[in-house]
Amino acid sequence: MTEPLCKGMIAPMSKYPFHEIETKWQRYWEENQSFAVTEDESVPQEKRMYVLDMFPYPSGAGLHVGHPEGYTATDIYCRYLRMNGYNVLHPMGFDSFGLPAENYAIKTGTHPKVTTEKNIENFRKQIKSLGFSYDWNREVSTHSSDYYRWTQWIFLQLFRKGLAYESHTPINWCDNCKTGLANEEVKDGKCERCGTVVVRKNIRQWVLKITEYADKLLSDLDTLEWPESVKAMQQNWIGRSEGASVVFTVDGLDAELEVYTTRPDTLFGATYMVVAPEHPLVAQLTTKEQESAVNAYLDASARKSDLERTDLAKDKTGVFSGSYAINPVNQKKIPIWIADYVLISYGTGAIMAVPAHDTRDWEFAKKFDLPIIEVLKSEINVQEAAWTEDGIHVNSSFLDGLNKEDAIKAMLAWLEDKKVGTKAINYKLRDWIFSRQRYWGEPIPLVHCPKCGTVEVPEDQLPLLLPEVTSYEPSGTGESPLAKIDEWVNTTCPVCGGKAKRETNTMPQWAGSCWYYLRYLDPKNSEAFVSKEKEQYWMPVDLYVGGAEHAVLHLLYARFWHKVLFDLGLVSTAEPFKRLVNQGMITSFAFQRKDKSLVPTDMVEETEPDVFVEKATGEVLERVVAKMSKSLKNVINPDEIISEYGADSMRMYEMFMGPLEVSKPWATTGLNGIYRFLDRVWRLYEERVITDEAPSKELNKLLHKTIKKVTYDTSSLNFNTAISQMMVMVNELYKTEEFPKAVAEALVKMLGPYVPHLAEELWQQMGNTESLTKISWPTYEEKFTVDEEVELVFQINGKVRAKETVAKGMDKAAALEMAKQNEKIIGWLEGKTIVKEIVVPDKLVNIVVR
RNA sequence: GCCGAAAUGGUGAAAUUGGUAGACACAAGGGACUUAAAAUCCCUUGACCGUAAGGUCGUGCGGGUUCAAGUCCCGCUUUCGGCACCA
């Protein structure tokens, strides 16, 4: 074995004809519409299930192995539910607006629609080749005008509600993608998509008031069965904080400076103020003497990118404005500084600085030699470091002697009494920058009229179609390619009929995915985005499975839209996705040099078992786990796997690798093991005699235990352990030449959701004429699963010293007596005093000796 | 720095409520079949000591609770994911 990974892998050698079987049954399901679902009113509410996968962006690269992981999990679950009498909605579609197709269009001139639809066709074919039980009649694509008509319609509802507004404040701009970005799309100061450093740019933007829903988005998280990590991420993103708004007067000026602080208790320690460079009062606060210094500073900070301003190497910078504020609690005059460590976008864009008890203020005070006054008794010297823990207040007049919590309350009361401050709540969440200066997205259905202002495109004129353009190239000046099409831009005002111009920005890719789960319910409705009846029949989504990368972006945006629709009475649930499961990433093995750099897989040789060597240098490498990437040449292509091992092997292997939620490395040898298992199953039914006899007592027990475990594990999505239990049973069946039909049938039924093609085939070969998809899940009886004999463990001081097989239900005294008569135990007891005896019935006896 | 998740054999991993650690699978070794190989079937396989019986150690590290800890508590280390001057 010289190839460490899967290239040139040993193709399975056997008779199991997966290719014919899989083609045959996929055709059967399609021709028989096996998975088409309707809103059958006779099915009670609790037997209706909506199981949803996050729909894919149809990229040119096609499906990767991560997609089938979640899809297989939901497919198994859906097939299991159907066999248990549930009416299951399980749809699939495509998130088909987006930049890659547009960038390809710029390069090649091919219309994004052409590329996208070709990719969708490929994706659909690939997804179908895995035998998933989707109701394909409900497929939606976000780029089709039938679909985005309603995306535009929902936007108009938001607009009407005052939740969409135009903003001129600086936004995140990616100069490579030539478009504005939402805060959520900026990671480490860089564009999430392409890694370009984001700059601030002043362009007109459409913004959605997601902050209006901050409170609901936060509090309703409690009602969701979601991973705690995702809830935590959303909580952090929303970033609610409680504090106070305090008003400072400015000495000698008719101006007030309002600040937000979470620590009003430290007001006596405020030794200076800071306003952000963009603060509206900056000009007024700046005195003649300071003017040139301030202007220079404003210039410099305006030139900085967000990354430079917020980067970890946060060397504090700032400039004195020349003005002073009056601290309302003690009338002290404190200097007002301008510094870019204060952000204009949070709170009021101005702070009171308490260097003794805030690390950032402390750093700034040290750098500019500003006074540091201790107001909480600190365990360290506040001249040397900031003390940010709790303490007893000092130097604080009426707060002296109080701890942090009590002092905050006391100060809030004082501020409100004196009318110089109030309790205030702030959120880190910003409004959602919703317009993109690109072509391949939903046109925003608004018209700018010089007389009437911004007006809606009337609903009956939707969809507002995306016009054809000659060039897809964004202007880069902050206008989309649509701005260049005069005959499209120039229109008449729907209100006054006068000359007007269309909005030329388009919506971000997230728009379409904000509501696709609703369109699946009623995909062909031309009267409404979804009918009330169908919405009430299915919603909310009972199980939503997808990648953790959408923890804040898609899942926050979709919740926001859903809540707006809920408030408008258009949907009946406050939350769209009741239960969420993130599937883990499928990683791959990679090889690492001593300097931690990675070596592409094809440059590595396995010279002996588990010894990996770089071909070029002979350096011994460590095998590590890494993301699949083209450059490491460790990407697994699902098409190849399916053609060499079959869809059933692919499905079952991905479920057998480990728990659904954790990330795990792909190993083709492991896939081969699953293939072998399926081949063994095939041969079991081909070669062994299936009898009409009743199963033996032992076999019957194993059967019922297996059904119990597989049932329990399948319903709780623990597919890996369900599979291993089926393996145990198959291994057992292999020990005999024949086995009973009852066992044969139950096993095929359990295999059904996991390896549906193979199971259907075996089911048919056993003489059944009805598809396995219509058959009920096997049941077990608890009484057949209990062991009559148990192994009793005898321990001395908690260590196992002997074991004995006994009849179940032996009473404590008898068990203890038995232990004491055990030869080995006698030996261990010799010369010792028994201190304590513990008996756990049917489990163990533990004798404590001294 | 803050928040979250995790750490178990050579590898992927099991272990309902604290009660036999390592199910199932991969890899490895041995055997059967074969002219041979592949495929298949059977056996062994946590480490160490021992001819064996058996013993000692063992779930990232250090403590603790308990008759008994992978599981509970305290303190740390490392890895992964997220956030990061949010006052």
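The structure displayed is predicted, hence computed values, not measured ones.

Calculation notes
Residues numbered from 1 in each chain as written. Chains lettered and ligands numbered in written order. Predicted model: local features only at pLDDT ≥ 70, side-chain atom pairs only at ≥ 80, totals over all residues. Heavy atoms only, no water. Helix = DSSP H or I, 4+ residues; strand = E, 2+ residues; numbered from the N terminus. Buried < 20%, exposed > 50% of the residue type's maximum accessible area, 1.4 Å probe, protein only. Areas by Shrake-Rupley, 256 points an atom, 1.4 Å probe, with all protein chains shown as cover. Lys, Arg positive; Asp, Glu negative; His and termini not counted. Charge placed at Lys NZ, Arg CZ, Asp CG, Glu CD. Axes fitted to C-alpha atoms, helices over the stretch in contact; angles between N-to-C directions. Parallel < 35°, antiparallel > 145°, perpendicular 65-115°, else oblique. Contact = heavy atoms within 4.5 Å. Nonpolar A, V, L, I, M, F, W, Y, C, P; charged D, E, K, R; others polar. Core = buried A, V, L, I, M, F, W, Y, C linked by side-chain atoms within 4.5 Å. Pairing = 2+ DSSP bridges. Near = heavy atom within 4 Å. Polar contact = N/O pair within 3.5 Å; in protein donor to acceptor, adjacent residues only side chain to side chain. Phe/Tyr/Trp six-rings, centres within 6.5 Å; stacked < 30°, edge-to-face > 60°. Lys NZ or Arg CZ within 6 Å of the ring centre and 35° of its normal. Salt bridge = Lys/Arg side-chain N within 4 Å of Asp/Glu carboxyl O. pLDDT = per-residue confidence, 0-100. Arc of directions from axis to C-beta.

(A) Geometry of the overall build of chain A. Secondary structure summary: chain A contains 27 helices and 35 strands in total. Overall size of chain A, expressed as C-alpha extent along the three principal axes, is 100 × 85 × 65 Å. Going through the 850 residues of chain A one by one, you find that 54% of them count as buried. Surface accessibility of chain A: about 37,800 Å² in total, with carbon and sulfur atoms responsible for 51%. Treating the 99 positive side-chain charges of chain A as one cloud and the 121 negative ones as another, the clouds have centres 1 Å apart.

(B) Quick peek at the packing of helix α2 (residues 66-83) against helix α19 (residues 647-656). Two elements in contact, α2 and α19, have axes whose closest approach is 9 Å; the angle formed by their N-to-C orientations is 95 degrees. It follows from the interaxial angle that α2 and α19 lie roughly perpendicular. Facing α2, whose interface residues are P68, E69, T72, A73, D75, I76 and R79, α19 presents M650, R651, E654 and M655. Here the contact of α2 with α19 is built from residues that sort into five nonpolar, one polar and five charged.

(C) Up close: the nonpolar core. Counting 177 residues, the largest nonpolar core has W432, W561 and W666 as the members making the most contacts within it. Not counting residues up to four positions away in its chain, the partners in contact with W561 are T151, I154, L158, L208, W432, F434, A511, C514 and W515. The next biggest cluster of nonpolar side chains, apart from the first, holds 54 residues, and it includes F248, V294, A356 and F364.

(D) Structural view of the sheet that holds strand β1 (residues 48-53). An order of β2-β1-β22-β23 is seen for the four strands of this open sheet, with the pairing classed as parallel. Whereas interior strands pair on both sides, the edge strands pair on one side only; in this sheet they are β2 (87-89) and β23 (580-583). Here the strands of the sheet are splayed against their neighbours by 20 degrees on average, with no regard to which way each runs. Pairing analysis gives three bridges linking β1 to β2, with the strands arranged parallel. The partner of Y50 across the bridge, within β2, is L89. Sitting on the sheet, α2 is in contact with β1, β2, β22 (543-547) and β23, with an inclination near 170 degrees to β1.

(E) A look at the sheet that holds strand β20 (residues 490-492). Across the sheet, four strands lie side by side as β19-β18-β21-β20; this open sheet has antiparallel pairing. Among the strands making up the open sheet, the edge pair consists of β19 (453-456) and β20. Averaged over all neighbouring strand pairs, the angle between strand axes comes to 40 degrees, with direction disregarded. The pairing of β20 with strand β21 (residues 499-502) spans three bridges and is antiparallel. Looking at the pairing, T491 lines up with A500 of β21.

(F) Structural detail: the protein's contact with RNA strand B. If you check the shell around RNA strand B, you find 58 residues, and the closest are T262, K316, R360, R676 and R680. Of all RNA strand B atoms lying within 4 Å of any protein atom, the proportion belonging to sugar or phosphate reaches 66%. Separating a phosphate oxygen of RNA strand B from a side-chain N or O atom of S241 is a distance of 3.0 Å. Take the surface near RNA strand B: its biggest share by element is six residues, from helix α22 (residues 719-733).

(G) Layout of the pairing of strand β28 (residues 620-626). In this structure, strand β24 (residues 586-592) lies alongside β28, joined through five bridges in antiparallel fashion. Paired with A590 across the bridge in β28 is V624. Here strand β27 (residues 611-614) runs beside β28; their pairing, made up of two bridges, is antiparallel. Paired with F612 across the strands is L621, a residue of β28. The turn linking β27 back onto β28 is made up of five residues, and G618 within it adopts a positive phi angle of 80 degrees.

(H) Structural detail: the packing of aromatic side chains. A full pass over the atoms with the stated rule returns 49 aromatic pairs. Ring plane angle 85 degrees and centroid distance 6.4 Å describe the contact between F155 and W206, whose orientation is recorded as edge-to-face. Highlighted residues: F155 in helix α5 (residues 145-160) and W206 in strand β9 (residues 205-208), separated in sequence by 51 residues. Judged by relative accessible area, F155 falls into the buried class, the value being 0%. Here the aromatic rings of W337 and F364 are separated by 5.6 Å at their centres, their planes lie at 90 degrees, and the arrangement is edge-to-face. Within this pair, whereas W337 is found in strand β14 (residues 333-338), its partner F364 is found in helix α11 (residues 359-368), the two being separated by 27 residues in sequence. With respect to burial, W337 and F364 carry one shared label: buried. Site record: aromatic cluster; members linked through ring pairs are F155, F159, W206, Y213, W432, F434, W510, Y557, F560 and W561. It is R79 that lies over the ring of W29; its NZ or CZ is 4.6 Å from the centre.

(I) Expanded view of the environment of W538. With respect to the helices, strands and loops of the structure, W538 is situated in helix α16 (residues 532-538). Sequence separation between W538 and D787 is 249 residues, and the spatial gap between their C-alpha atoms is 43 Å. Ignoring any residue separated from it by four or fewer positions in sequence, one finds W538 in contact with V37, T38, E39, R48, M49, Y50, N87, V88, L89 and L521. There is a polar contact of 2.9 Å between the side chain of W538 and the side chain of E39.

(J) Spotlight on the pattern of salt bridges. According to the stated counting rule, one finds 46 salt bridges in the structure shown. In this structure, E278 and R200 form a salt bridge, with 3.5 Å as the shortest nitrogen-oxygen distance. With E278 in the loop between β12 (272-275) and α8 (282-285) and R200 in strand β8 (residues 199-201), the pair connects residues that are 78 residues apart, well separated along the chain. The partly exposed category is assigned to E278, whose relative accessible area is 32%. Beyond isolated ion pairs, a larger network of salt bridges with shared partners links D215, R240, E242 and K423.

(K) Fine view of the confidence of the model for chain A. For chain A, per-residue confidence averages 91 on the pLDDT scale, and residues scoring 70 or more make up 97% of the total. Element-level mean pLDDT values for chain A span from 72 in helix α10 (residues 306-310) up to 98 in helix α15 (residues 516-519). Overall, residues 1-10 carries pLDDT values under 50, and its contacts beyond four positions in sequence, including any with other chains, amount to 19 contacts. Confidence metrics for the complex model read pTM 0.93 and ipTM 0.94.

(L) Fine view of helix α7 (residues 228-238). Of the residues making up α7, those classed as buried are V230, K231, Q234 and I238. The arc that holds the buried residues of α7, viewed along the axis, is 100 degrees, so those residues lie on one side. Counted as exposed and oriented over 90 degrees from the buried face of α7: E228 and N236. Buried residues along α7 sit against α6 (214-219), α17 (553-567) and β23. Once α7 ends, the next one or two residues include G239, with phi positive near 55 degrees.

(M) Inspection of the environment of K532 at higher detail. Secondary-structure assignment places K532 in helix α16. For the pair K532 and D522, spaced 10 residues apart in sequence, the C-alpha separation works out to 9.7 Å.

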